[in-house]
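Structural overview
Residue strings, one per chain:
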Amino acid sequence: MNNLNVICRKFSHSASLNAIKKVTVVGGGLMGSGIAQVAAQAGQNVTIVDLNSDILEKAQKSIQNNLGRVARKLYKDDPSKMEEFVKEANNRIKVSTKIEDGVDADLIVEAIVELLEPKQKLFNRLDELAPQHTILASNTSSISINEIGSGIKRKDRFGGLHFFNPVPVMRLLEVIKSDEMSQETYNTMMEWGKSVGKTCITCKDTPGFVVNRLLGPYSAEAFRMFERGDASKEDIDIGMKLGAGYPMGPLELADYTGLDTNKFVLEVLYQKTKNPVFKPIPLLNKMVEEGKLGIKTGEGIYKYKK
């Protein structure tokens, strides 16, 4: 049996045991649509909420295309099963521009703009509207979970679920413990992560969590090497791929995740830790100001064909 069939069986088995059957994702961008996709693949009913109807339309098209690719890998010799897989997963996904349409859920995952104030306002609103049993979670990559949920009452049913981009492909999920999260909530989050095919690791609410806290210095030093002219971008990336066994070099990875995201994460880490390794990098700031954000804009450290 191949790995994809094993994964598919895991989806079905775990979802049947999991307390979370209905999921809402607030934010229909790249991360939000990916989270919605993996939940729908796992047999859960999903609502995507975004104020922008164009973003929702784009999310639906993206999910449709991604589900097609998954289906071809799972059922390459059976077109009827491919079609059934895509149709069933799509039928589990609804979209809305109204937050009220998404509050009746077992789990609500926030995947909006990476800024503290909008996240706080959203969670304060969700806390008022959602049923008492609903678990609230943020997909933030670096903002303090405790700060995000500081205004809500259900602090025992709140934490972080940090997915990685692209969500359907990346196998890791960081489950971030808020200070007042209950053991039951933690167990449910971990089980849900497994049900959508992820390997879950746990971290307390510390700046950058696990991955970004370690990735930040690595990425920052790569930018500084390139900025000083110590080595070419190609040699920096090849060096880490062939010398350290990394699948991508640090500058390639920065382009892939977005230079604006890299800049923001470093800013948060520097603000919270005062570690000089996270100090602002002039080259990175300049590129973000110029709109050279990486793959998503067609140019970052490297140039890409759109």
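An unreviewed UniProt entry lists the chain under the name 3-hydroxyacyl-CoA dehydrogenase, with Danaus chrysippus given as the organism. If you open the UniProt record of the chain and go to Sequence similarities (unreviewed entry), you find "Belongs to the 3-hydroxyacyl-CoA dehydrogenase family." One UniProt comment on the chain, placed under Pathway (unreviewed entry), says "Lipid metabolism; fatty acid beta-oxidation."

**Examining the UniProt feature "domain: 3-hydroxyacyl-CoA dehydrogenase C-terminal" (unreviewed entry) in the chain**
Residues given the UniProt feature "domain: 3-hydroxyacyl-CoA dehydrogenase C-terminal" (unreviewed entry) here are residues 208-304. Taken end to end, residues 208-304 comprises 63% helix and 0% strand; its first and last C-alpha atoms sit 29 Å apart.

**Here we look at the confidence of the model for the chain**
Of all residues in the chain, 94% attain a pLDDT of 70 or more, and the chain-wide mean is 93. For residues 1-17, every residue scores under 50 in pLDDT, and the model assigns this stretch 21 contacts once sequence neighbours within four places are set aside.

**Observations concerning the nonpolar core**
Residues Ile35, Val46, Leu107, Leu161, Phe163, Val175 and Trp192 are the most contacted members of the largest nonpolar core, which totals 40 residues. If one sorts the elements of this core by residue count, helix α2 (residues 30-41) sits on top with six residues. Setting aside residues no more than four positions away along its own chain, Val46 makes contact with Val23, Val25, Ala36, Ala39, Ala40, Arg92, Ile93 and Lys94. With 21 residues, the next largest nonpolar core counts Ala105, Leu136, Ile152 and Cys203 among its residues.

**Quick word on α2**
End to end, α2 covers 17 Å across 12 residues, agreeing with the expected 16 Å (1.5 Å per residue, within 8%). For α2, the tally of buried residues reaches 11 of 12 residues, placing the bulk of the element in the interior. Within α2 the residues assigned to the buried category are Met31, Gly32, Ser33, Gly34, Ile35, Ala36, Gln37, Val38, Ala39, Ala40 and Gln41. Just downstream of α2 lies Gly43, where phi reads positive at about 90 degrees.

What counts, and where the lines are drawn
Residues numbered from 1 in each chain as written. Predicted model: local features only at pLDDT ≥ 70, side-chain atom pairs only at ≥ 80, totals over all residues. Heavy atoms only, no water. UniProt positions renumbered as here; feature names shortened; annotations may be inferred. Helix = DSSP H or I, 4+ residues; strand = E, 2+ residues; numbered from the N terminus. pLDDT = per-residue confidence, 0-100. Contact = heavy atoms within 4.5 Å. Core = buried A, V, L, I, M, F, W, Y, C linked by side-chain atoms within 4.5 Å. Buried < 20%, exposed > 50% of the residue type's maximum accessible area, 1.4 Å probe, protein only. Expected span 1.5 Å × (residues − 1).

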